[in-house]
Amino acid sequence: MTRPGDGEAIVIRAAVAADAGRLWALLRDLAVEDGAGARFRATEALVAEHGFGPAPRFRAALAEDEAGRVLGFASWFPVYSSFRARDYLLLDNLYVVPAARGGVVARRLIAHVAGQAVAMGADRLELHVQADNDRARRFYARMGFEATGGLLQMIDGAALDRLAADKG
């Protein structure tokens, strides 16, 4: 028996406005699996507006099998590098449904995003990975990604408000 996503019948396609609900559900699943469910604030309406409204803030692609079942998605957006004076793409989210993991779905989604980067003239594709996610780090390394040694840090909520009010 083959795992979903093992065959050649995987289709990677650009997400469209009608996919907003599917994208929202996949994002929610990703947040929960990553332990970030409590910080998940997206709504289907916001996904529709920010992804497919008059001024889209991200792009996304869906991986589907021959029956149209969603196997995963990727979302990305351009970022400007003042050091390089060029845009690059940030692969913001990559998610493969549990039943399709270990096949070619993630690789095909990343290759699709890489194609978008090349098409727009970006000089690189970046992504963030959890430091303790050794499996993902090995997977990305096999694809040619290099660890930069950087450590992503963030501030949000009340701590962000306090910092913004700090005049000292």
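Residues numbered from 1 in each chain as written. Predicted model: local features only at pLDDT ≥ 70, side-chain atom pairs only at ≥ 80, totals over all residues. Heavy atoms only, no water.

Before we go on, may I ask you to explain the nonpolar core in this structure?
Side chains of nonpolar character tend, in soluble globular proteins, to be buried together. If you look at the biggest cluster of nonpolar residues, it comprises 38 residues, and the most contacted ones within it are Val105 and Leu109. Mapped by element, the contributors of at least two residues to this core are helix H1 (20-33), strand S2 (59-64), strand S3 (70-81), strand S4 (86-96), helix H3 (105-120), strand S5 (125-127) and helix H4 (134-143). If you tally residues by element for this core, the top one is H3, at six residues. If near-sequence neighbours (up to four positions away) are discounted, leucine 109 is found in contact with Ile12, Ala61, Leu62, Ala63, Gly72, Phe73, Ala74, Leu94 and Tyr95. (Core = buried A, V, L, I, M, F, W, Y, C linked by side-chain atoms within 4.5 Å. Buried < 20%, exposed > 50% of the residue type's maximum accessible area, 1.4 Å probe, protein only. Helix = DSSP H or I, 4+ residues; strand = E, 2+ residues; numbered from the N terminus. Contact = heavy atoms within 4.5 Å.)

Could you clarify how one ought to interpret a nonpolar patch on the surface in this entry?
Taken together, the side chains of Ile155, Leu160 and Leu163 define a hydrophobic patch exposed on the protein surface, amounting to about 260 Å² of accessible area. Checked against the element boundaries, leucine 163 lands in helix H5 (residues 157-165). (Patch = residues over 30% accessible without salt bridge, like charges linked within 9 Å, V, L, I, M, F, W, Y side chains within 5 Å. Areas by Shrake-Rupley, 256 points an atom, 1.4 Å probe, with all protein chains shown as cover. Salt bridge = Lys/Arg side-chain N within 4 Å of Asp/Glu carboxyl O.)

For this particular structure, what's the right way to read the sheet that holds S5?
The pairing of strands in a sheet comes from backbone hydrogen bonds and takes either a parallel or an antiparallel form. Spatial ordering of the open sheet is given by S1-S2-S3-S4-S5, a layout of five strands whose pairing is mixed. For this open sheet the edge positions go to strand S1 (11-14) and S5, each flanked by a neighbour on one side alone. Between one strand and the next, the sheet's axes are offset by a mean angle of 30°, whatever the strand orientation. By the bridge criterion, six bridges tie S2 to S3 in an arrangement that is antiparallel. Residue leucine 62 lies in a different strand from S3, and its bridge partner there is phenylalanine 73. (Pairing = 2+ DSSP bridges. Axes fitted to C-alpha atoms, helices over the stretch in contact; angles between N-to-C directions.)

Even after reading the chapter, I still don't get the packing of aromatic side chains, so can you show me in this structure?
Two measures describe an aromatic ring pair: the distance that separates the ring centres and the angle between the ring planes. Counted under the stated rule, the structure contains four aromatic pairs. Summarising the aromatic geometry, the rings of tryptophan 24 and phenylalanine 40 are spaced 6.2 Å apart at their centres and angled 50° between planes, so their arrangement reads as tilted. Highlighted residues: tryptophan 24 in helix H1 and phenylalanine 40 in the loop between H1 and helix H2 (44-52), separated in sequence by 16 residues. Here tryptophan 24 falls in the partly exposed class, since its relative accessible area comes to 23%. Plain terms: the ring middles of phenylalanine 52 and phenylalanine 58 are 6.3 Å apart, the flat faces sit at 70° to each other, and that makes the pair edge-to-face. Given a relative accessible area of 24%, phenylalanine 52 falls into the partly exposed group. Judged by its relative accessible area of 17%, phenylalanine 58 is buried. An aromatic cluster of three or more residues is present, and its members are Phe139, Tyr140 and Phe145. Above the plane of the ring of tyrosine 88 lies arginine 124, whose end atom (NZ or CZ) is 3.9 Å from the centre. (Phe/Tyr/Trp six-rings, centres within 6.5 Å; stacked < 30°, edge-to-face > 60°. Lys NZ or Arg CZ within 6 Å of the ring centre and 35° of its normal.)

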